[in-house]
Amino acid sequence: MTSAPASPVPQAAPPLSSQVTVLGARTHLWEYGDPSGPPLLLVHGFRGDHHGLELIAQRLPGFRVIVPDLPGFGISEAFPAHQHDLAGYAAWLNALVAELGLGRFFVLGHSFGSLVVSAAISSGLSPERTVLINPIAAPALAGPKRLMTKLAVLYYRAGAALPGALGSALLANPLIVRVMSETMAKTREPELRAWIHDQHDRYFSLFSDRRTVSDAFDASISATVRQFAPALTAPTLIIAADRDDITPLAATLALRRELADAELRIVPGVGHLIHYEAPDDAAAWITDFLA
């Protein structure tokens, strides 16, 4: 039995964990940094959980960093009555902020989280500043990996349509998870690459049920942040990568032009995993922007 790759997460006090009931489902969340600092809410991407943003959260010691597991992912419960679509997740984020009584706060969304954050803002969420990492700025079926996206559509449709155990096994298949991880990871550093694969092996299949993950996938390819651009009037920081297979850089540049007040930082040589491959850069830019 091989040991897990060494974690690049800085050694620090473990995060505080808690749970709140939002829209009838228990949402589990973790807090990092300074409990008395300005609140910064982090929203992870599709099929992830709070672990995916931990590298960044641990590098923001001056903030009260709050990272929930999205409903239906990690150990958060699925909605009992709401759809796991973009409207459902936007309503959840608005309700979560109200439940936590954050008042003045900042918000960050990575990948699918950028859609959740943008949709929530368009329906009333009012952060002082917004950070979008690897934002979904172009239709998934028109991106540089459109063929793989079409195959992914068939994959999630099959996972939802097959008999229960068979469908769940397909969606959690470790070989398919590894292919996804190999495709997204751009680093050539063996230790970091092994750690990224280990993270995906451990957490990429922690979803409540196959219908939830299928519906959330449909939500992830149903819209772009650019559709919500008129609502994103607060100062916004976009952190993008020049090798992102999900959103081409040209679409991110177009998004920046469409926002009322936006800054753009580009990480060279990195793809859709800025939160794993360039957390130091991301955290430094976030700290400077929010300060």
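Residues numbered from 1 in each chain as written. Predicted model: local features only at pLDDT ≥ 70, side-chain atom pairs only at ≥ 80, totals over all residues. Heavy atoms only, no water.

S.K.: Would you mind showing me how to read the packing of aromatic side chains here?
M.R.: In this description, a pair of aromatic rings is defined by centroid distance and the angle of the planes. Per the counting criterion, the structure on display carries nine aromatic pairs. Taking 5.7 Å as the distance between ring centres and 90 degrees as the angle between the ring planes, the aromatic pair formed by Y89 and F112 counts as edge-to-face. Taken as a pair, Y89 in helix α2 (residues 86-100) and F112 in helix α3 (residues 112-122) lie far apart in primary sequence, 23 residues in all. Considered together, Y89 and F112 belong to a single accessibility category, that of buried residues. Here the aromatic rings of Y155 and Y156 are separated by 4.8 Å at their centres, their planes lie at 70 degrees, and the arrangement is edge-to-face. (Phe/Tyr/Trp six-rings, centres within 6.5 Å; stacked < 30°, edge-to-face > 60°. Helix = DSSP H or I, 4+ residues; strand = E, 2+ residues; numbered from the N terminus. Buried < 20%, exposed > 50% of the residue type's maximum accessible area, 1.4 Å probe, protein only.)

S.K.: Would you mind going over the packing of helix α6 (residues 174-184) against helix α7 (residues 190-203) with me for this structure?
M.R.: Remark: α6 packs on α7, axes separated minimally by 9 Å, with the N-to-C direction vectors making an angle of 140 degrees. The angle between α6 and α7 places the two elements in the oblique class. Remark: the crossing between α6 and α7 carries right-handed chirality. On α7, the residues touching V177, R178, S181, E182 and M184 of α6 are R193, I196, H197, H200 and D201. Split into classes, the residues belonging to the contact of α6 with α7 amount to three nonpolar, three polar and four charged. (Axes fitted to C-alpha atoms, helices over the stretch in contact; angles between N-to-C directions. Parallel < 35°, antiparallel > 145°, perpendicular 65-115°, else oblique. Left-handed = near helix turned anticlockwise from the far one by under 90°. Contact = heavy atoms within 4.5 Å. Nonpolar A, V, L, I, M, F, W, Y, C, P; charged D, E, K, R; others polar.)

S.K.: I'm lost on the sheet that holds strand β1 (residues 16-22) in this one. Help?
M.R.: In any sheet, the strands associate via hydrogen bonds between backbone groups, in a parallel or an antiparallel arrangement. The strand order β1-β2-β4-β3-β5-β6-β7-β8 describes an open sheet built from eight strands, whose pairing is mixed. Two strands close off the open sheet at either side, each with one partner strand: β1 and β8 (262-267). On average, adjacent strands in this sheet sit at an angle of 20 degrees to one another, irrespective of strand direction. Here strand β7 (residues 236-241) pairs with β8 via six bridges, running parallel. Residue pairing for β8: A241 is matched across the bridge by V267. Strands β3 (39-43), β5 (106-110) and β6 (129-133) of the sheet are contacted by α3, whose axis makes an angle of about 140 degrees with β5. This element, helix α9 (residues 249-258), spans β7 and β8 of the sheet and lies at about 170 degrees to β7. (Pairing = 2+ DSSP bridges.)

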